[in-house]
Amino acid sequence: MTDLTETPDSPETFAAVDLGSNSFHMVVGRYSHGDIVILDRIREMIRLGAGLDADGVISDEAAERALACLERFRERLTAMRAGSVRAVGTNTLRRARRKQDFLVRAEAALGHPIEVISGIEEARLVYLGAAHSLPGSPSRRLVVDIGGGSTELVVGDGLEAGFRESLYMGCVSMSQAHFSGDAATQKEFDEARLAALRELHPVVSRFQDAGWEIAVGTSGTIRATGRIAEDLTGQPGIRPAGLEAIREQIVDAGESRIPGLSSQRAPVYAGGLAILTAVFE
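Another aspect to go through is the overall build of the chain. Counting secondary structure elements, the chain contains 10 helices and nine strands. Over its C-alpha trace the chain gives a radius of gyration of 19 Å, about what one expects of a compact globule, namely 19 Å for 281 residues. Principal-axis analysis of the C-alpha atoms gives the chain an extent of 55 × 50 × 35 Å. Counting over 281 residues, the chain shows a buried share of 48%. Put simply, of all contacts in the chain between residues at least 6 apart along the chain, 65% involve residues at least 24 apart. When the accessible surface of the chain is summed, it comes to about 13700 Å², and 51% of that surface belongs to carbon and sulfur atoms. Side-chain charges in the chain split into 30 positive and 39 negative, and the spacing between the mean points of these groups amounts to 1 Å.

What follows is the structure, encoded as structure tokens:
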């Protein structure tokens with residue numbers, strides 16, 4: 001039995017904080033006999049990406065939501081020593097203009113430095129997270145992560161990420177650009193799907209030729225899709241038939257009416273589903 005009573009300031013204890021475009025995540029864990037034991041997971045829907053104004057500046061309202069969340073995270077990290085916490089910002093903080101003031105305030109709220117990482121580094125970390133969470137396999141994997149502002153695709157073997165791309169489309173940005181209300185129309189969905197296909201086009205052949213055998217999805221959009229598709233079709237995993245069944249549910253019906261879809265995810269789900277449908281195509 002693994003002893004979980006070790007104090008938070010133990011050198012084996014660490015934390016990872018992800019300032020995503022849709023939600024902020026924090027995971028606290030520790031090493032035990034070569035394995036990672038998760039002590040805490042905290043996730044809050046912040047929608048930082050939706051808070052960028054027309055000039056690419058983070059709005060005051062979005063900034064306050066983010067800072068309040070980071071202050072709550074800090075309460076859990078109080079006893080953590082410097083160097084045991086890595087905090088990263090992703091697509092929205094890559095795109096944001098005049099963000100230095102926000103970053104200074106965010107680091108003060110969290111109590112640790114925040115690194116804004118590139119899309120390619122984000123893809124590498126996405127792959128490592130998936131690889132460490134899955135059973136060992138000799139098969140080459142395709143890992144897909146649909147975030148709030150970007151989508152990462154990675155092909156790798158074991159714990160080694162190979163081909164990787166970060167594309168400028170996510171569930172928040174796609175929903176804002178193509179869906180006008182609670183009930184998505186077929187025209188809106190088709191336009192969003194075509195926009196995603198255009199974004200994928202330059203990298204499609206590279207990933208198709210990579211010879212992967214297993215496709216793995218991460219992120220809230222894909223996890224929610226997996227649950228809903230299984231409820232609708234009775235089959236585990238995500239398949240084209242499941243995606244089509246969900247599309248039929250949201251078109252002219254409203255994302256919030258889908259059983260199993262949280263009220264927080266509903267406003268940005270249609271954009272994420274359009275991206276996932278394009279990835280399947």
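Looking now at the packing of helix α8 (residues 220-233) against helix α10 (residues 266-280). Orientation of α8 relative to α10, taken along the N-to-C sense of each, is 85 degrees, at an axis distance of 10 Å. Classified by the angle between their axes, α8 and α10 sit roughly perpendicular to one another. In contact with T221, I222, A224, T225 and I228 of α8, α10 contributes Y269, G272, L273 and L276. Residues of the contact of α8 with α10, tallied by class, amount to six nonpolar, three polar and no charged.

On to the pattern of salt bridges. Summed over all chains, the structure comprises 12 salt bridges. In this structure, the salt-bridge partner of R86 is E121, at a minimum N-O distance of 3.7 Å. Here R86, found in strand β4 (residues 85-89), pairs with E121, found in helix α4 (residues 119-133); they are 35 residues apart in sequence, far enough to count as distant. Overall, R86 belongs to the partly exposed group, its relative accessible area being 34%.

Here we take up the packing of α8 against helix α9 (residues 240-250). In contact at an axis separation of 9 Å, α8 and α9 are set at 90 degrees when each is read in the N-to-C sense. Overall, the two elements α8 and α9 adopt an arrangement that is roughly perpendicular. Facing α8, whose interface residues are T225, I228, A229, L232 and T233, α9 presents A241, G242, L243, A245, I246 and Q249. Looking at the contact of α8 with α9 residue by residue, the classes come out as seven nonpolar, four polar and no charged.

This brings us to the environment of I42. Tracing the sequence through the fold places I42 in strand β3 (residues 35-45). The partly exposed category is assigned to I42, whose relative accessible area is 28%. Taking the C-alpha atoms as reference, I42 lies 24 Å from G271; in sequence the two are 229 residues apart. If we ignore the near neighbours within four places in the chain, the residues touching I42 are F24, H25, M26 and F73.

Rules behind the numbers
- Residues numbered from 1 in each chain as written.
- Predicted model: local features only at pLDDT ≥ 70, side-chain atom pairs only at ≥ 80, totals over all residues.
- Heavy atoms only, no water.
- Helix = DSSP H or I, 4+ residues; strand = E, 2+ residues; numbered from the N terminus.
- Rg over C-alpha atoms; globule rule 2.2 N^0.38 Å.
- Buried < 20%, exposed > 50% of the residue type's maximum accessible area, 1.4 Å probe, protein only.
- Contact = heavy atoms within 4.5 Å.
- Areas by Shrake-Rupley, 256 points an atom, 1.4 Å probe, with all protein chains shown as cover.
- Lys, Arg positive; Asp, Glu negative; His and termini not counted.
- Charge placed at Lys NZ, Arg CZ, Asp CG, Glu CD.
- Axes fitted to C-alpha atoms, helices over the stretch in contact; angles between N-to-C directions.
- Parallel < 35°, antiparallel > 145°, perpendicular 65-115°, else oblique.
- Nonpolar A, V, L, I, M, F, W, Y, C, P; charged D, E, K, R; others polar.
- Salt bridge = Lys/Arg side-chain N within 4 Å of Asp/Glu carboxyl O.

Nothing here speaks to function; it is all geometry.
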